[in-house]
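Understanding the architecture of this molecule
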Amino acid sequence: MKNTGTLEVTTPTEREIVLTRVFDAPRNLVFDAMTKPELLRRWFGPRGWSLVVCEVDLKVGGAWRFVLRGPDGTEMGMRGVYREIVPPERSVHTESFDDFPGESLVTTTLVEQGGKTRLTGTVLYPSQEIRDMVIKSGMEHGAAETYDKLAEYLTSIA
């Protein structure tokens, strides 16, 4: 896994990671691809991984649950609850991983300009220690590959 340079990753505060990526698609398509299970199954996860569980109750207070399965059979589960949804421009949800400590708060904004969409994902962790553990886990590379797959999917439907 690697970051091809299309994903910008910054750490503006001691508890945050900000992911920024521009997609060559209108934001309503990007929002749908990120929130509809039938579309998420087509692209979500690093290369070689499949989304074997994809449950989304897209409403404030609604829960979501994903389980990814790797090429060697390893599974990685994650879950959360939606706190704010403003289609197609913004969503806020909690996120926790089955095998990783703590719960983060993820704020995603989508800004469209000239038919392209800038996604900004801000992940707020409960502590700098947990944020640093996430960085060391290789999250940047998995996120970059996942967003590369989203870009490919969006190109295929545009």
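Further up the page is the structure itself.
Below: a short report on this structure. (Residues numbered from 1 in each chain as written. Predicted model: local features only at pLDDT ≥ 70, side-chain atom pairs only at ≥ 80, totals over all residues. Heavy atoms only, no water.)

**A closer look at the overall build of the protein chain**
- Of the regular secondary structure elements, the protein chain holds four helices and eight strands.
- Going from N to C terminus, the protein chain has its helices and strands arranged as β-β-α-α-β-β-β-β-β-β-α-α.
- Taking 158 residues into account, the globule formula puts the C-alpha radius of gyration at 15 Å, and the protein chain, at 15 Å, falls close to it.
- Considered along the principal axes of its C-alpha atoms, the protein chain spans approximately 40 × 35 × 35 Å.
- Burial statistics for the protein chain: of 158 residues in total, 42% are counted as buried.
- Expressed as a percentage of contacts within the protein chain between residues at least 6 apart in sequence, the contacts between residues at least 24 apart total 46%.
- For the protein chain, the exposed surface amounts to about 8200 Å²; the carbon and sulfur share of it is 50%.
- When the 19 positive and 23 negative side-chain charges of the protein chain are each reduced to one mean point, those points stand 3 Å apart. (Helix = DSSP H or I, 4+ residues; strand = E, 2+ residues; numbered from the N terminus. Rg over C-alpha atoms; globule rule 2.2 N^0.38 Å. Buried < 20%, exposed > 50% of the residue type's maximum accessible area, 1.4 Å probe, protein only. Contact = heavy atoms within 4.5 Å. Areas by Shrake-Rupley, 256 points an atom, 1.4 Å probe, with all protein chains shown as cover. Lys, Arg positive; Asp, Glu negative; His and termini not counted. Charge placed at Lys NZ, Arg CZ, Asp CG, Glu CD.)

**Some words on the nonpolar core**
- Within the largest apolar cluster, 35 residues are counted, with the highest numbers of intra-cluster contacts made by Phe23, Phe44, Phe66, Leu150 and Leu154.
- Ranked by residue count, the leading element in this core is helix α4 (residues 139-157), at eight residues.
- Apart from residues no more than four positions distant in its own chain, Leu154 is found in contact with Phe23, Ala25, Leu29, Val30 and Ala33. (Core = buried A, V, L, I, M, F, W, Y, C linked by side-chain atoms within 4.5 Å.)

**Thoughts on the side chain of Ser104**
- In this fold, Ser104 is placed in strand β7 (residues 104-113).
- For Ser104, the residues in contact, after removing those within four places along its chain, are His93, Thr94, Glu95, Val123, Leu124 and Tyr125.

**Considerations on unusual backbone geometry**
- Going from Pro87 to Pro88, the amide bond is cis rather than trans, its omega being -10 degrees.
- The residue Pro88 is located in the loop between β5 (75-86) and β6 (90-97) in this model.

**So, the sheet that holds β7**
- The eight strands lie next to each other as β1-β2-β8-β7-β6-β5-β4-β3, forming an open sheet whose pairing is antiparallel. At either margin of the open sheet sits one strand with a lone partner, and together these are β1 (8-10) and β3 (50-56). Sheet twist, expressed as the average angle between the axes of neighbouring strands with direction ignored, equals 20 degrees.
- With eight bridges joining them, strand β2 (residues 16-23) and strand β8 (residues 116-124) adopt antiparallel strand pairing. Along β8, the bridge assignment pairs Val18 with Thr122.
- Set on the sheet, α4 makes contact with β1, β2 and β8; between it and β2 the angle comes to about 25 degrees. (Pairing = 2+ DSSP bridges. Axes fitted to C-alpha atoms, helices over the stretch in contact; angles between N-to-C directions.)

**Examining the environment of Phe66**
- Mapped onto the elements of the fold, Phe66 is located in strand β4 (residues 63-69).
- Since its relative accessible area comes to 6%, Phe66 is described here as buried.
- The sequence separation of Phe66 and Leu105 amounts to 39 residues, and the corresponding C-alpha distance is 16 Å.
- Setting aside anything within four residues of it in sequence, one finds Phe66 in contact with Leu40, Phe44, Leu51, Val53, Cys54, Glu55, Val56, Met76, Gly77 and Met78.

**Digging into the packing of aromatic side chains**
- By the definition in use, this model includes four aromatic pairs.
- An aromatic cluster of three or more residues is present, and its members are Trp43, Phe44, Trp64 and Phe66. (Phe/Tyr/Trp six-rings, centres within 6.5 Å; stacked < 30°, edge-to-face > 60°.)

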